[in-house]
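So the chains spell out like this:
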Amino acid sequence: MTTVLIATCSEYPHPTPNLEALLGALRFMGVGADHLPWKTTPLDTFAAADAVLPLCCWDYYDDPGRFLGWIDALAAKGARLLNPPELLRWNFRKTYLLDLASAGLAVPETVHLLEPSRHAVEQNMERIGWQVAVLKPVSSQNGHGIHKLDWADRARWPVDLALTGEWLLQGFQEDIGALGETTMTFIDGVFSHAVRRVLKPGEWRANPQYGITYERVEVSREVVDTAQGYVGFLPQTPLYARVDGLVRPDGFMLMELELIDPYLYLEFAPGSADVMAGALLQRLR
């Protein structure tokens, strides 16, 4: 029997509605599908499966080096990681946004701070003319460690803005509160469905812990084609991808391209879990 393991996190070891849909579809197709926390499950258990999906490893932000080591160790044991390790490693560092920008794809203007400091942040904001900017770690999840910095209020920036490691500084997208963030799920490189994250009034973070709500939305062919361009940039087609961004009257701008552990909202689109299960099995044949 074909076996598939979905890696979860310690905080959410139980399957979400999204994973319930996928697990149900896989089991209906005769697959031995289950879910286990990546931090506490023996590596050999994952390596013995026919495929491993890191779809719920939502706690790697507190030990990113360990997560990368987990990926490398599984690859060394010959495990079938989907998405493939090389895509996971590339997507792990948000500097991928600079790669996309270099290819002419629309992303927020981004500065990579190799030697971060408060002075470097101020210098770049003044140079570019940003009145509001967002500072985020190169590797993070769900808005952890992110700062919104108002130039006019810089005297009251957090006193603990002592930065280590690499960071990204981006121009703040003022319309995110009104627009919300549109997420588009792609399965095996093909658009499946879109969900909009509706932000709370006054909120600027489109992450679950900040009280967002969700609604299934239809997006235009033009928006889908633009989103397809980000997926098409990749050197190989991912089994799953989520393209998150802002749908504006003048076009779509990417905020994040999620290839590691995106919530795919399969429960919002009847039949999408079956499509993903079928695409996964096709890769194992």
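First, a word on scope: everything that follows refers to the structure included in this document. (Residues numbered from 1 in each chain as written. Predicted model: local features only at pLDDT ≥ 70, side-chain atom pairs only at ≥ 80, totals over all residues. Heavy atoms only, no water.)

Considering the pattern of salt bridges
Phase 1: Taken as a whole, this structure holds 16 salt bridges when the rule is applied.
Phase 2: Here R248 and D175 are joined by a salt bridge, their closest N and O atoms 2.7 Å apart. One end of the pair, R248, is in strand β11 (residues 240–248); the other, D175, is in the loop between β7 (167–171) and α7 (176–179), and 73 residues separate them in sequence.
Phase 3: In this structure, R196 and E215 form a salt bridge, with 2.8 Å as the shortest nitrogen-oxygen distance. Of this pair, R196 sits in strand β9 (residues 190–198) while E215 sits in strand β10 (residues 213–217), and the two are 19 residues apart along the sequence. (Salt bridge = Lys/Arg side-chain N within 4 Å of Asp/Glu carboxyl O. Helix = DSSP H or I, 4+ residues; strand = E, 2+ residues; numbered from the N terminus.)

As for helix α4 (residues 85–92)
Phase 1: Among the residues making up α4, those that are buried are P85, L87, L88, N91 and F92. Projected down its long axis, α4 shows its buried positions confined to an angular sector of 160 degrees, all on one face. (Buried < 20%, exposed > 50% of the residue type's maximum accessible area, 1.4 Å probe, protein only. Arc of directions from axis to C-beta.)

Comments concerning the packing of aromatic side chains
Phase 1: Scanning the entire structure with this criterion turns up 17 aromatic pairs.
Phase 2: Their ring planes at 65 degrees and their centres at 5.7 Å tell us that F186 and F191 sit as a pair that is edge-to-face.
Phase 3: One aromatic cluster is present, formed by W38, F46, Y60, F67, W70 and F92 through successive ring pairs.
Phase 4: For R66, the ring lying beneath its charged end belongs to W38, and the centroid distance is 5.6 Å.
Phase 5: The ring centre of W151 lies 4.0 Å from the NZ or CZ of R154, which sits over that ring. (Phe/Tyr/Trp six-rings, centres within 6.5 Å; stacked < 30°, edge-to-face > 60°. Lys NZ or Arg CZ within 6 Å of the ring centre and 35° of its normal.)

Overview of the packing of helix α1 (residues 17–28) against helix α9 (residues 272–284)
Phase 1: One way to put it is that α1 packs onto α9 with a least axis distance of 8 Å and a crossing angle of 55 degrees. Between α1 and α9, the angle falls in the class oblique. Read as a crossing pair, α1 and α9 show a hand that is right-handed. Seen from α1, the contacting residues are A21, L22, A25 and L26; seen from α9, they are A273, D274, M276 and A277. (Axes fitted to C-alpha atoms, helices over the stretch in contact; angles between N-to-C directions. Parallel < 35°, antiparallel > 145°, perpendicular 65-115°, else oblique. Left-handed = near helix turned anticlockwise from the far one by under 90°. Contact = heavy atoms within 4.5 Å.)

A closer look at the sheet that holds β11
Whenever strands of a sheet pair, they do so through backbone hydrogen bonds, lying parallel or antiparallel.
Phase 1: Pairing within the open sheet is antiparallel, and its five strands lie in the order β10-β9-β8-β11-β12. The strands lining the two open edges of the sheet, one partner per strand, are β10 and β12 (251–258). Mean inter-strand twist for the sheet, computed between neighbouring axes without regard to direction, equals 30 degrees.
Phase 2: As defined by bridge partners, strand β8 (residues 181–187) adjoins β11 across six bridges and the pair is classed as antiparallel. Of the residues in β11, the one forming a bridge with T182 is G245. (Pairing = 2+ DSSP bridges.)

Re the nonpolar core
Phase 1: With 47 residues, the main nonpolar core has L22, L53, L55, F67, W70, L239 and M276 as its most contacted residues.
Phase 2: At the level of secondary structure, the elements contributing two or more residues to this core comprise β1 (3–8), α1, β3 (51–53), α3 (64–76), α4 and α9.
Phase 3: With six residues, the single largest contributor to this core is α9.
Phase 4: Core analysis: the second largest hydrophobic core is formed by 22 residues, Y96, L100, A241 and L254 among them. (Core = buried A, V, L, I, M, F, W, Y, C linked by side-chain atoms within 4.5 Å.)

Regarding the pairing of β8
Phase 1: Within β8, seven of the seven residues are buried, which leaves the element mostly enclosed by the surrounding structure.
Phase 2: In β8, alternate side chains face the same way, and those of E181, T183, T185 and I187 on one face and T182, M184 and F186 on the other are all buried.
Phase 3: Note: β8 against β9, seven bridges, orientation antiparallel. Bridge assignment links T182 to a residue of β9, and that residue is R196.
Phase 4: In this antiparallel pair of consecutive strands, β8 and β9, the connection spans two residues, and D188 shows a positive phi of 55 degrees.

Structural notes on the sheet that holds strand β2 (residues 32–37)
Phase 1: Ordered in space as β2-β1-β3, the three strands form an open sheet in which the pairing is parallel. The open sheet has two free edges, formed respectively by β2 and β3, since each of these has just one partner strand. Each neighbouring strand pair of the sheet contributes to a mean axis angle of 25 degrees, computed without reference to strand direction.
Phase 2: Strand direction decides the pairing type here: β1 and β3, joined by three bridges, are parallel. Looking at β3, one finds that V4 is bridged to A51.
Phase 3: Lying on the sheet, α1 is in contact with β1, β2 and β3; it crosses β2 at an angle near 150 degrees.

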